[in-house]
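# Fold and geometry: a report
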Amino acid sequence: QLGDGHHAARLLRATLLEEQDQREAALVLLDEHPAPGPGTCERRHAVLRQLRFRAEAEPAVLAWIATCPKDARPLLRLADLAANVGDIGRALTLNLQALERRVDLENTPYDTFRHAIQVGDLANAERLLELAEPSGNQPEPVQRLWMRFELAGARADRATQTALTRQLVAHADRKSTRLNS
């Protein structure tokens, strides 16, 4: 039998406590872990979010970064926190740092692209477009067309936006709700 001192047993016990609506007890159990790793830190952050302990969320993520300095996930969580309070510049910086650690992070190139557009960092937006949706695929994926459309809008390039609108409307994969609205 594994006790709460065993890493996997502690995480499972915390999950059980969460399922029994004892999130505060789960948080205490995770806080008392003698050697927290990435799984413990991620679980702790998730419990804090469920409890809506916003004031504790950033310090928890910073502790996660200190515990696991090569892990990209806490940077993404910190970027989400920054974006949620409207600090898009900080969210962009943190997402770019996460991408430096791991380029295969699902959705991150897209989110980071949008942050770059919002702050007017068009050079990074171009780079992120290629990272998220590399050119050369034919037909051009609808997601790439949308990203190019957003980039053209940020440049106030109405002619390119008009051409891209025609491509989007004619695209075989135009199931996007954005086209139907």
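In what follows, the structure referred to is the one given above.
Residues numbered from 1 in each chain as written. Predicted model: local features only at pLDDT ≥ 70, side-chain atom pairs only at ≥ 80, totals over all residues. Heavy atoms only, no water.

### A look at the overall build of the protein
On a plain count of helices and strands, the protein comes out with 11 helices and 0 strands. Each helix and strand of the protein, placed in order from N terminus to C terminus, yields the pattern α-α-α-α-α-α-α-α-α-α-α. Looking at the protein as a whole, 39% of its 181 residues are labelled buried. Carbon and sulfur atoms make up 50% of the accessible area of the protein, which amounts to about 10400 Å² in all. (Helix = DSSP H or I, 4+ residues; strand = E, 2+ residues; numbered from the N terminus. Buried < 20%, exposed > 50% of the residue type's maximum accessible area, 1.4 Å probe, protein only. Areas by Shrake-Rupley, 256 points an atom, 1.4 Å probe, with all protein chains shown as cover.)

### Considerations on the packing of helix 9 (residues 142-154) against helix 10 (residues 158-170)
Put simply, helix 9 and helix 10 touch, their axes get as near as 8 Å, and they point 160° apart. For the element pair helix 9 / helix 10, the angle class is roughly antiparallel. Considering how the two elements wind past one another, helix 9 and helix 10 form a crossing that is left-handed. Of the residues in helix 10, those touching helix 9 at V142, L145, W146, R148, F149, A152 and G153 are R158, T160, Q161, L164, T165, Q167 and L168. (Axes fitted to C-alpha atoms, helices over the stretch in contact; angles between N-to-C directions. Parallel < 35°, antiparallel > 145°, perpendicular 65-115°, else oblique. Left-handed = near helix turned anticlockwise from the far one by under 90°. Contact = heavy atoms within 4.5 Å.)

### With respect to the environment of V61
Here V61 shows up in helix 4 (residues 54-67). Linking V61 and E42, residues 19 residues apart in sequence, is a C-alpha distance of 8.4 Å.

### A look at helix 5 (residues 73-84)
For helix 5, which comprises 12 residues, the first-to-last C-alpha distance of 17 Å matches the rise-based estimate of 16 Å (1.5 Å per residue) to within 8%. Every buried residue of helix 5 is accounted for by P74, L75, L76, R77, L78, A79 and A82. G86 lies just past helix 5 and shows a positive phi near 85°. (Expected span 1.5 Å × (residues − 1).)

### Structural notes on the pattern of salt bridges
Going through the model one piece at a time under the given rule, you end up with 7 salt bridges. Of the charged contacts, one joins R73 and D71 as a salt bridge, the two residues approaching to 2.7 Å between their closest N and O atoms. The shortest N-O distance in the salt bridge between R144 and E140 comes to 2.9 Å. Taking relative accessible area as the criterion, R144 reaches 8% and is therefore assigned buried. Taking the relative accessible area as the measure of exposure, E140 reaches 14% and is therefore buried. What you see here is one network of salt bridges that share partners, running through E130, E140, R144 and R148. (Salt bridge = Lys/Arg side-chain N within 4 Å of Asp/Glu carboxyl O.)

### Structural notes on the nonpolar core
Residues A98, L105, F113, A125, L128, M147 and L151 are the most contacted members of the largest nonpolar core, which totals 25 residues. Of all the elements in the fold, those that place two or more residues in this core are helix 4, helix 5, helix 6 (88-101), helix 7 (108-119), helix 8 (122-132) and helix 9. When residues of this core are assigned to their parent elements, the largest contribution, 6 residues, is made by helix 6. The next biggest cluster of nonpolar side chains, apart from the first, holds 5 residues, and it includes V142, L145, W146 and L164. (Core = buried A, V, L, I, M, F, W, Y, C linked by side-chain atoms within 4.5 Å.)

### Brief notes about unusual backbone geometry
A positive phi angle is found at A156, which is not glycine, with a value near 60°. For A156, the location among the structural elements is in the loop between helix 9 and helix 10.

### Details of the environment of H171
Structurally, the position occupied by H171 is in the loop between helix 10 and helix 11 (177-180). Note: C-alpha distance between H171 and L145 (26 residues apart in sequence) is 9.5 Å. Not counting chain neighbours up to four residues away, the residues in contact with H171 comprise E140, P141, V142 and L145. A polar contact is formed between the side chain of H171 and the backbone oxygen of E140, at a distance of 2.6 Å. (Polar contact = N/O pair within 3.5 Å; in protein donor to acceptor, adjacent residues only side chain to side chain.)

### Some points on helix 7
Helix length check: helix 7 (12 residues) gives 16 Å between terminal C-alpha atoms against 16 Å at 1.5 Å per residue, within 8%. Along helix 7, the residues that are buried comprise T108, P109, Y110, T112, F113, H115, A116 and I117. Positioned one or two residues after helix 7, G120 has a phi angle of 80°, which is positive.

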